[in-house]
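Here is how the chains run, residue by residue.
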Amino acid sequence: MRNKVPFLLVLLALLVAAPAAQAWPEPFGYPGFEAHHLGTFGSTGAGAGQFEHPAGVGVAPNGHVWVVDEQNNRIEELGSSGEYLSQIGSKGSGAGQFFRPTALAFGPGGRFWVVDANNLRLQQFDEEGHFIRAFHPEGEHALADPEGVSVDSAGNVWVSDTGHSRVEEFSGTGEFLQVVGGGGALGRPTGSAIDPEGGLWVADWEKQRVTVFDAAGNLVRQVGARKPYPEDHVDRWNLAHPDAVAIDPDGTVLVIDGSLDHVAEFNLDGEYLSQFGFYWNGSSLEFVVPEGIAFDGKGDAWFSDAGHNQVEHWSVPRINYLATYDGSFSGKGEAKLQQPTDLAIGLDGKVWVTDRGTDRVEIFGPRGRLVAQFGSKGSGPGQFLDPTAITIDRHGNVYVLDAGNHRIEKFNWKHEFRFAFGNNGERPLAGEPWSLATDAKGAVYVSDEHHVIKKFSGDGHFVRRLWKYKFPELARMDIDSLGHIWGLVPGPLIQRFTSTGVRMGEVGRQGWPGYGVGEFTGAEGLDVDANDYVFISAVGSGRVQVFNEEREFVTWFGKPGLGPGEFSRAKVPYWEAGSMSIESDGKGDVYVIDPGFARIERWTLPSGI
């Protein structure tokens, strides 16, 4: 649709001149939304199944794929497997002829409309490619450089009148209905799509966003609006030059970004989900000047790749098993959390939270009502100095890691102090203690900065030291039903060990910005629930990933941000924040500390997890 050679030359020059250490980061996608390449069809030329700048694509109800072959002034029909079937059109201005066709869209009954750009008209064809009608808007409704088209469920046609910075709606017989996007709301509208509720989504190349209108033409929202990259990394996505948009019946939104040569995925609320098809990595499966996009009846996506003169077929899997955000709590008044560091779930479902900002423990009901609090700053019985971890054993005994006093304090379920251990006797805690866990038999494990794990009995007696240097620095630790030790280590990744320190495997890797499966940036929380599902939270990517006991990815939830169901450290500096710790109650609810707002978020897991 437009000449991108200057942009690509500038990009190439920058890439050549850039030092190797500043290579473009690998593309990322949210877990579960990874697109998979299914096939590539076509080649350069004017023969059957060949293309010269394929500019648009549409899928008929019977699954056949129709491709706008712009420079050959024709439309080609492919089978659902990508094989060539037929073609219509030739260069000209007669019925069924084209002069630079740019887009097509299917409507009711399998009939489709084609934007015949240089003839400043639209033409309609039936599902077999037979010409039905054409209309040529005139006067104040005349078109200028039209580039996109979509058809709603009533058969009305929405045309991107690109040269006039607007979208015009016509009836199926060519009667003018309304103008959308006037008054500067649109800059250079290109592709468009209709969502399941009848809303119009318009890709705006010039204004670097997708603008959403309702069926009456009222502005609803702007998606991917360009803005400075925030310091808190809350909004990780900006569109550069969106070119086309497609929406399937379940509300999955795909947007072609014309400058970055990839596809971005959003939901109907305009929230960014994923991206794929980067040009920079040099893979033959990636796009160069993608311009057209359409969904088929299976939910797969078809793309016209003008740079490669090909059509590409991708699957776009959906996740429908994410956890559900159910609210948050943080206390009130003097009981308000300040720097929550860890949490544990009691046998009665109450949530116990250590807070190093107040040097105490807060106890909340499952729905967030403050039930009790105890502790104060100091070194006496029941006092704390930087409490950093808490765990509750199968009998309801509560253990608090009092890091500043180098000890563990034990309380009963009534939060009555029992005794302290680890800071006296033959094996005191050495260095800074980091993490705390209990096993199924009631034993207590403590990790420290010296790569040591010490095991104590539930009554505070030293049992053994797990061999030094067999373990890395375990910032967080938990124990599964078989007694295996799971630890969060710098990297960050999760490692699993036998109870004697033999390494059994790992989960995850350091990743920027930590959106891929098993990628973590700022991983801080680790929990292994009663069913041996492993929960890993990372404040850098603002999400929780879930794995089974075989270290296989299951699902994820959360996102970076400041609102409900989002996680961030943006409100306070890093050194003043708590930790994004996580705890599952084993009955379907998961509690996560949101350090940016010093609050606890509660999520409900889908059945089966």
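Residues numbered from 1 in each chain as written. Predicted model: local features only at pLDDT ≥ 70, side-chain atom pairs only at ≥ 80, totals over all residues. Heavy atoms only, no water.

Another aspect to go through is unusual backbone geometry. Positive phi is not limited to glycine here, since Arg100 has a value of about 65°. Note that Arg100 resides in the loop between strand S7 (84-88) and strand S8 (101-106). Phi is positive for Asp532, close to 65°, though the residue is something other than glycine. Examined against the element boundaries, Asp532 turns out to sit in the loop between strand S46 (523-528) and strand S47 (534-538). Residue Asp532 is classed as buried on the basis of its relative accessible area of 10%. (Helix = DSSP H or I, 4+ residues; strand = E, 2+ residues; numbered from the N terminus. Buried < 20%, exposed > 50% of the residue type's maximum accessible area, 1.4 Å probe, protein only.)

Attention now goes to the confidence of the model for the chain. Where the model shows low pLDDT, its predicted coordinates should not be examined in detail. When the pLDDT values of the chain are averaged, the result is 84; 84% of them are 70 or greater. Note that residues 1-33 has pLDDT below 50 and, in this model, 61 contacts with residues that lie over four places away or in other chains. Contacts of residues 227-236 to residues separated by more than four positions or lying in other chains number 16 contacts, the stretch itself having pLDDT below 50. (pLDDT = per-residue confidence, 0-100. Contact = heavy atoms within 4.5 Å.)

In terms of strand pairing, strand S34 (residues 407-411) meets strand S35 (residues 417-421) through four bridges, oriented antiparallel. Residue pairing across strands places Ile408 opposite Phe421, the latter belonging to S35. Connecting S34 to the next strand, S35, in antiparallel fashion are five residues, including His415 with a positive phi near 55°. (Pairing = 2+ DSSP bridges.)

Phe535, Val544, Val546, Phe557, Val590, Val592 and Leu605 are the most contacted members of the largest nonpolar core, which totals 16 residues. The set of elements that each furnish at least two residues to this core consists of strand S48 (543-547), strand S49 (553-557) and strand S53 (589-594). Sequence-distant contacts of Phe557, that is, excluding residues within four places in its chain, are made with Ala323, Arg543, Val544, Val546, Val590, Val592, Trp603 and Leu605. (Core = buried A, V, L, I, M, F, W, Y, C linked by side-chain atoms within 4.5 Å.)

With that settled, consider the environment of Val311. Structurally, Val311 is set in strand S26 (residues 310-315). Under the relative-accessibility criterion, Val311 is labelled buried at 0%. Along the chain, Val311 and Phe41 lie 270 residues apart, while their C-alpha atoms are 5.2 Å from each other.

A word on the environment of Arg599. Inspection of the secondary structure assignment puts Arg599 in strand S54 (residues 599-604). With residues up to four places along the chain from it excluded, the contact list for Arg599 reads Ser328, Phe329, Ser330, Leu562, Gly563, Pro564, Glu566, Val592, Ile593 and Asp594. Side chain to side chain, Arg599 and Asp594 meet in a polar contact 2.7 Å long. Among the polar contacts listed, one links the side chain of Arg599 to the side chain of Glu601, at a separation of 3.4 Å. (Polar contact = N/O pair within 3.5 Å; in protein donor to acceptor, adjacent residues only side chain to side chain.)

The strands that make up a sheet pair up through hydrogen bonds in the backbone, lying either parallel or antiparallel. Reading across the sheet, the four strands line up as S36-S37-S38-S39 and stay open at both edges, with antiparallel pairing between neighbours. Sheet topology places strand S36 (433-438) and strand S39 (462-466) at the edges, where each strand pairs with a single neighbour. Between one strand axis and the next, the sheet turns through 20° on average, direction left out of account. (Axes fitted to C-alpha atoms, helices over the stretch in contact; angles between N-to-C directions.)

Further remarks concern the packing of aromatic side chains. All told, the structure shown has 23 aromatic pairs when counted by the stated rule. On the numbers, 4.9 Å between centres and 55° between planes, the contact of Phe374 with Phe411 is tilted. Of the two residues, Phe374 is situated in strand S31 (residues 370-374) and Phe411 in strand S34; the sequence distance between them amounts to 37 residues. Of the two residues, Phe374 and Phe411, both sit in the buried class. Pairing Phe456 with Phe462 gives two aromatic rings, centres 5.9 Å apart and planes at 80°, and the pair type is edge-to-face. Classification of Phe456 as buried rests on a relative accessible area of 2%. Put simply, the rings of Trp66, Phe98, Phe106, Phe112, Phe125 and Phe131 pair up and form one aromatic cluster. Over the aromatic face of Trp556 sits the side chain of Arg543, whose NZ or CZ is 4.9 Å from the ring centroid. (Phe/Tyr/Trp six-rings, centres within 6.5 Å; stacked < 30°, edge-to-face > 60°. Lys NZ or Arg CZ within 6 Å of the ring centre and 35° of its normal.)

This next bit is on the sheet that holds strand S9 (residues 112-116). One open sheet holds the four strands; their spatial order is S8-S9-S10-S11, and the pairing between them is antiparallel. Looking at strand neighbours, the two that pair on one side only are S8 and strand S11 (131-135), the edges of this open sheet. Shown here is a sheet whose adjacent strand axes are inclined to one another by a mean of 20°, direction ignored. When strand S10 (residues 121-125) meets S11, the two strands line up antiparallel, connected through four bridges. Counterpart to Leu122 in the pairing with S11 is Phe135.

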